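An overview of the molecular structure
Chain by chain, the residues:
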Amino acid sequence: MRINIFEGVQIPFVGTTIGSACVFFTAVVGFWIGILFLLALDYLIPHLHVGSDQAEGPKSKFDDDLGCGTGVRGEE
């Protein structure tokens, strides 16, 4: 009878542990997908950083005047 009680307590514990591990794994995977997405945007979109005159990312074909409000600078 003691073995049945122990197994009855252990089964929900193991199920909860496995369920929480799946949730943690899903959160970690989503976190890294988000980081990779932001890095891809950083490389694909031309932009300026605060206090910098050098554009980062691929060269843009837009005029220099467009850079005033959008952060996009043309080729210099």
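Residues numbered from 1 in each chain as written. Predicted model: local features only at pLDDT ≥ 70, side-chain atom pairs only at ≥ 80, totals over all residues. Heavy atoms only, no water.

1. What to know about the overall build of the protein chain
Going by this rule: Secondary structure elements follow DSSP: runs of H or I of four or more residues count as helices, runs of E of two or more count as strands, with numbering from the N terminus. Only protein chains enter the area calculation, which uses a 1.4 Å probe; residues under 20% of their type maximum are buried, those over 50% are exposed, and those in between are partly exposed. We call two residues contacting when some pair of their heavy atoms lies within 4.5 Å. Computed by Shrake-Rupley with a 1.4 Å probe, the accessible areas treat only the displayed protein chains as cover when residues are assessed.
Counting its regular elements, the protein chain contains two helices and zero strands. Here the protein chain holds 76 residues, and the buried ones make up 8% of them. Long-range contacts, defined as pairs at least 24 residues apart, comprise 11% of the intrachain contacts of the protein chain with a sequence gap of at least 6. Entry remark: accessible area of the protein chain is about 6700 Å², with carbon and sulfur atoms responsible for 70%.

2. Here's the deal with the packing of aromatic side chains
Cut-off, in case you're wondering: Classification of ring pairs uses Phe, Tyr and Trp, with its six-membered ring standing for Trp, and accepts pairs whose centres are within 6.5 Å; under 30 degrees between planes counts as stacked, over 60 as edge-to-face, and the remaining range as tilted.
Evaluation of the coordinates by the stated rule reveals one aromatic pair. Look at Phe-31 and Trp-32: their rings are 5.8 Å apart centre to centre, the planes differ by 85°, and that puts the pair in the edge-to-face class.

3. Description of a nonpolar patch on the surface
Rules: Without a salt bridge and with relative accessible area above 30%, a residue can belong to a patch; like charges are then joined within 9 Å and nonpolar side chains (Val, Leu, Ile, Met, Phe, Trp, Tyr) within 5 Å. Salt bridges, as used here, are contacts in which a Lys or Arg side-chain nitrogen is within 4 Å of a carboxyl oxygen on Asp or Glu.
Taken together, the side chains of Leu-36, Phe-37, Leu-38, Leu-39, Leu-41, Tyr-43, Leu-44 and Ile-45 present a nonpolar region at the surface, about 870 Å² in accessible area. Residue position: Ile-45 is located in the loop between helix 1 (2-44) and helix 2 (67-70).

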